[in-house]
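# Chains, contacts and geometry: an overview
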Amino acid sequence: MDSLTIRETFLRFYEERGHRRFPSAPLIPSDPTVLLTIAGMLPFKPWFMGDEPAPVDRAVSFQKCVRTNDIENVGRTTRHLSFFEMLGNFSFGDYFKADAIRWAWELSLDGYGLDPDRIWATVYEDDDEAERLWLSETDLPADRIQRLGAEDNYWWTHAAGPGGPNTELYYDRGEAYGPGGGPAANPERYLEYYNLVFMQHALDADGTILGDLPAQNVDTGLGVERMAVLLQGVDNVFETDLFRPLLARAEQLTGHRYGADDAADVSLRVIAEHARTAAFLVGDGVLPAKEGRGYVLRRLMRRAVRHAGLLGVDVGGGAPVAIPMLEAVIDTMAAAYPDLAAQRELITRVLAAEEADFASRLRDGMARVEGAIAELPAGTPFRGDVAFELHDTFGFPVDLTAEIVADAGLGLDREAFEALMEAQRERARAGAKKGGGGVPDDVLREVGAAAGPGEFVGYDVLEVEATLAALVAPTGTLEVAGEGDEVLVALDRTPFYAEGGGQVGDHGVIETATGRLEVVDTQEVLGGLRLHRARVVAGEVRPGTGAHARVDVERRVATGRSHSATHVLHATVKELVGAHAQQAGSLVQPGRLRFDFPHFEPLGRDTVEALEQLVNRRVLDDPTVTTEIMDLEDAKRAGAVANFGDKYGQVVRVVTIGGFSKELCGGTHVPSGARIGTVAIVREESVGSNTRRVEALTGLDAVAFLARERVVAEEVARLVDVPTAEALTRVQDLIARLRAAEKELARLRAADLATEARRLADAAVREDGVAVVTARFDGVAGDDLRRLAAEVRGALGTAAVVALGAANDGKAQLIATVTDDLVARGVSARTVLAPAAKRVGGGAGGGDDLAQAGGRDADGLDEALATAAAEARTALGGG
């Protein structure tokens, strides 16, 4: 039975039993706390956990999954995979153990045709009910049912929540796979193929069973790859129809036959398996990056390229691996996953770019690793500092270094590597830690404990009466601050927004009965303490006194425009570019915004124009802007966008703009969409591998920018004497004519140089068969002087030394060149030019056949040329 039929057999079997079919969810889960989809039940997790009501009682699905905890073992064994497919049937408070066990048995026999005499089952050690049901609902005999402990046959989340026993089905592959005794004795012979989890218990965080759940659920998983091994009668997954086409393509690329050599087989499996995973990751919107799921993709790609190199593929010389493998993956998997073929262009471009980037580093990185290994004393682990340098300076992943080191039979000093990584992270944290203003953490903790974090009321009001709770300086807390002092101010309540979520902190004024402070920044430190960086501009201030805090309204409003514009831009970028263009960083300032997102190529002028137009059209439609305080799970169910890696509390703030944008956000915004005003994109550029940045102006800043652009356009039109609408065409025409003139001038200059070179060559006098030519050409540029010297040498053919000089703006330049036959006799252009360079106050550089020199003393140029001629004759033995 081929893999496509394996999938369809399962899905139809459960559809016939009242289950609704669900397609595979993306590998990027909606839950921002999870890196990748790792199990078939993950898309249904909110229903199982009771976070939202299940719309159906029964479901059946096929789900693509990626697990990354043992990537280094993929290829080394025939069991480990980074990408796999799970088929599953699910019950949400409907049927339970009896139906699940009976149907699993029927599917095994009637659906897949397995031999009932070779099927075994395991149950949880205390689950008498499951064993009884196997005996009553199926023909499975008691001697093929084994009880195992919680490690094997009990599932829970390892947090307070649901859990329950599971029962697993195994298939006896026969004596060729080792001794008998059932799954408890030999899991290699008895291959697990179906797992049924019965969620029936409520557990606390320690795993203690508190009682039964009000609704009992079923979560099952059947691995497509394992079932293919059983039904296709092969030893392992790499011999199934899921991998044989991929291995065949890898064989073509490398010239190695699978099965002929164990070491080569490892590399062939790595290439095939990682190509499959990489294709699905990119197809679902993952792009190579330095961290997160993007790093998983990068690590897989680089491991595959390295193993292709081990098999002799000239990856550094441009021999492609990724694209031919991608074609094989699509040919093999597109019938089940048509989106893979639909995303062919995107996947091709991303994988080709990543492969080319790493291939250029691979040869140098490999050489450095192997060189470091060769220098190690016997029995010494690979140095952590070398691994860190390779990672930090040369972009060579430590995981790849570790694998190469392991292949050499050595260990890696991970402790030293991690210590250097942590030191680097600490430096980065220290560099970014500006909110504390150099105040020691213990002082900040003391202030936070005494004064509290400071209640933020700035969503609703921009000025408030408060108490000045503390004054802080690097030396500690202060009892008084006078005019000119710069301090950090803590208030018991504040309207000032503290920098966060990309939005800069508020500015404004704090006034007391005795003094006035100008606030120039607001920061949040140590997880919640709000501090106002301020300067006393009048009088003096003391803690414990009343204060009037007032935000700079104009600045706050301009910042709110930019933040709301950022949300509109985010939604629009994803719509135009793709769902993978998730926010990867932002900066929100008054009248200006910066937005980073993953993408593999420049947007191009047309896309930028379309982006700007659609953003402004949405703003002009005046969409409603609403904010809601919601439970995190409710927000996710409502479709609010959360960025992976960001930390959220159980209660979150959701900002919705129109029907196109809904994000978790703690920032400040405009009350309605039209208040954003004009949005002008001023730049789109790369800020790293596969990361693009859009910068834009908003509101009055955008209007001022466009006005300046109009003035420039009108001035250009005036200078070229055409209407503004025709200025671009006119300038393009003038530039084309200028380039044509420059090209003609270059042609004439080249002809003049050739004529001059021929003249010098014809006038050259050979002494003892050798010509030494020197000449001065003031005003000739360096490149032309070099070309002229080369022309003279070429015209003379052999046995010639040419030294030319030029004076430009009081500076001297010298060029010397020597024919190959004289170089072979030991004459060096650099040696000829070195003493001459001193005559013009400079030094010489270059090689034996060509050297150059420069100096500030053009008056010494004639003497320098004479010196070069004398040095040449000395080198030729002429004295």
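Just above, that's the structure.
Quick notes on the rules
Residues numbered from 1 in each chain as written. Predicted model: local features only at pLDDT ≥ 70, side-chain atom pairs only at ≥ 80, totals over all residues. Heavy atoms only, no water. Helix = DSSP H or I, 4+ residues; strand = E, 2+ residues; numbered from the N terminus. Buried < 20%, exposed > 50% of the residue type's maximum accessible area, 1.4 Å probe, protein only. Polar contact = N/O pair within 3.5 Å; in protein donor to acceptor, adjacent residues only side chain to side chain. Contact = heavy atoms within 4.5 Å. Arc of directions from axis to C-beta. Salt bridge = Lys/Arg side-chain N within 4 Å of Asp/Glu carboxyl O. Pairing = 2+ DSSP bridges. Axes fitted to C-alpha atoms, helices over the stretch in contact; angles between N-to-C directions. Parallel < 35°, antiparallel > 145°, perpendicular 65-115°, else oblique. Left-handed = near helix turned anticlockwise from the far one by under 90°. Nonpolar A, V, L, I, M, F, W, Y, C, P; charged D, E, K, R; others polar. Phe/Tyr/Trp six-rings, centres within 6.5 Å; stacked < 30°, edge-to-face > 60°. Lys NZ or Arg CZ within 6 Å of the ring centre and 35° of its normal.

### Notes on the side chain of His 532
Counting through the fold element by element, His 532 comes out in strand 18 (residues 529–541). Residue His 532 is classed as buried on the basis of its relative accessible area of 1%. Polar contacts involving the side chain of His 532 include one to the main-chain carbonyl oxygen of Val 489, which spans 2.8 Å. Looking at His 532, its side chain comes within polar contact range of the side chain of Thr 494, at 2.8 Å. Among residues more than four places away in sequence, those in contact with His 532 are Val 487, Leu 488, Val 489, Leu 491, Thr 494, Phe 496, Ile 510, Val 519, Asp 521 and Thr 522.

### Here we look at helix 7 (residues 244–254)
When we look at burial in helix 7, the residues that qualify are Leu 246, Leu 247, Ala 250, Glu 251 and Thr 254. Buried positions in helix 7, seen along its axis, are confined to an arc of 145 degrees and lie on one side of it. Buried residues in helix 7 make contact with helix 8 (262–283) and helix 10 (322–333). Looking one or two residues beyond helix 7, the residue adopting positive phi is Gly 255, at roughly 80 degrees.

### Overview of the side chain of His 599
One can find His 599 in the loop between strand 21 (592–598) and helix 18 (605–620). A polar contact is formed between the side chain of His 599 and the side chain of His 580, at a distance of 2.9 Å. Beyond its immediate chain neighbours, meaning those up to four positions away, His 599 contacts Leu 287, Val 577, His 580, Asn 690, Thr 691 and Arg 692.

### Some thoughts on the pattern of salt bridges
Taken as a whole and assessed by the stated rule, the structure comprises 52 salt bridges. Note that Glu 601 and Arg 349 form a salt bridge whose closest N and O atoms lie 2.0 Å from each other. In this pair, Glu 601 sits in the loop between strand 21 and helix 18 while Arg 349 sits in helix 12 (residues 344–374), placing the two residues 252 residues apart along the sequence. Accessibility expressed as a relative area gives 23% for Glu 601, which makes it partly exposed. Judged by its relative accessible area of 35%, Arg 349 falls in the partly exposed class.

### Quick look at the sheet that holds strand 25 (residues 679–688)
Spatially, the four strands line up as an open sheet ordered 20-21-26-25, and their pairing is antiparallel. The strands lining the two open edges of the sheet, one partner per strand, are strand 20 (585–589) and strand 25. With direction set aside, neighbouring strand axes in the sheet form an average angle of 15 degrees. By the bridge criterion, five bridges tie strand 20 to strand 21 in an arrangement that is antiparallel. Paired with Gly 585 across the two strands is Asp 596, which belongs to strand 21. In this fold helix 17 (residues 553–577) packs onto strand 20, strand 21, strand 25 and strand 26 (691–698), with an angle of close to 25 degrees to the strand it touches most, strand 21.

### With respect to the packing of helix 24 (residues 829–839) against helix 25 (residues 861–875)
At a closest axis distance of 8 Å, the pairing of helix 24 and helix 25 adopts a crossing angle of 155 degrees. Our classification of the angle between helix 24 and helix 25 gives roughly antiparallel. Helix-helix and strand crossings are classified by hand; for helix 24 and helix 25 the assignment is right-handed. Counted together, Thr 831, Val 832, Pro 835, Ala 836 and Arg 839 of helix 24 and Glu 863, Ala 864, Thr 867, Ala 868, Glu 871 and Ala 872 of helix 25 form the full contact between these two elements. Of the residues that constitute the contact of helix 24 with helix 25, the class distribution is six nonpolar, two polar and three charged.

### Focus on the packing of aromatic side chains
If you walk through the whole model with that rule in mind, you get 24 aromatic pairs. Arranged with centres 5.4 Å apart and planes meeting at 50 degrees, the rings of Phe 44 and Trp 47 form a pair that is tilted. Considering the side-chain rings of Phe 48 and Phe 92, the 5.0 Å spacing of their centres and the 45 degrees angle between planes classify their relative orientation as tilted. Of this pair, Phe 48 sits in helix 2 (residues 45–48) while Phe 92 sits in strand 3 (residues 83–92), and the two are 44 residues apart along the sequence. Taken as a pair, Phe 48 and Phe 92 share a single burial class, namely buried. Directly above the ring of Tyr 177 sits Arg 173, whose terminal nitrogen or CZ lies 4.1 Å from the centroid. For the cation-ring pair, Arg 269 lies above Phe 238, with the distance from its terminal atom to the ring centre recorded as 5.8 Å.

### Section: unusual backbone geometry
Its identity as a non-glycine residue notwithstanding, Asp 721 has a phi of 60 degrees, on the positive side. When you line up the elements, Asp 721 lands in the loop between helix 20 (699–720) and helix 21 (727–763). Judged by relative accessible area, which is 69%, Asp 721 ranks as exposed. The phi torsion at Asp 768 lies on the positive side, around 55 degrees, for a residue other than glycine. The topology assignment puts Asp 768 in the loop between strand 27 (766–767) and strand 28 (770–776). A residue is classified by how much of its surface remains accessible, and Asp 768, at 81% relative accessible area, is exposed.

### A look at the environment of Leu 287
Note on placement: Leu 287 falls in the loop between helix 8 and helix 9 (292–310). C-alpha separation for the pair Leu 287 and Val 608, spaced 321 residues apart in sequence, amounts to 21 Å.

### With respect to the packing of helix 1 (residues 3–15) against helix 6 (residues 224–231)
As a packed pair, helix 1 and helix 6 sit with axes 10 Å apart at the nearest point and diverge in direction by 115 degrees. In terms of orientation, helix 1 lies roughly perpendicular with respect to helix 6. You can see that helix 1 and helix 6 cross each other, and the crossing is right-handed. The residues of helix 6 that touch helix 1, namely those facing Ser 3, Ile 6 and Arg 7, are Val 224, Met 227, Ala 228 and Leu 231.

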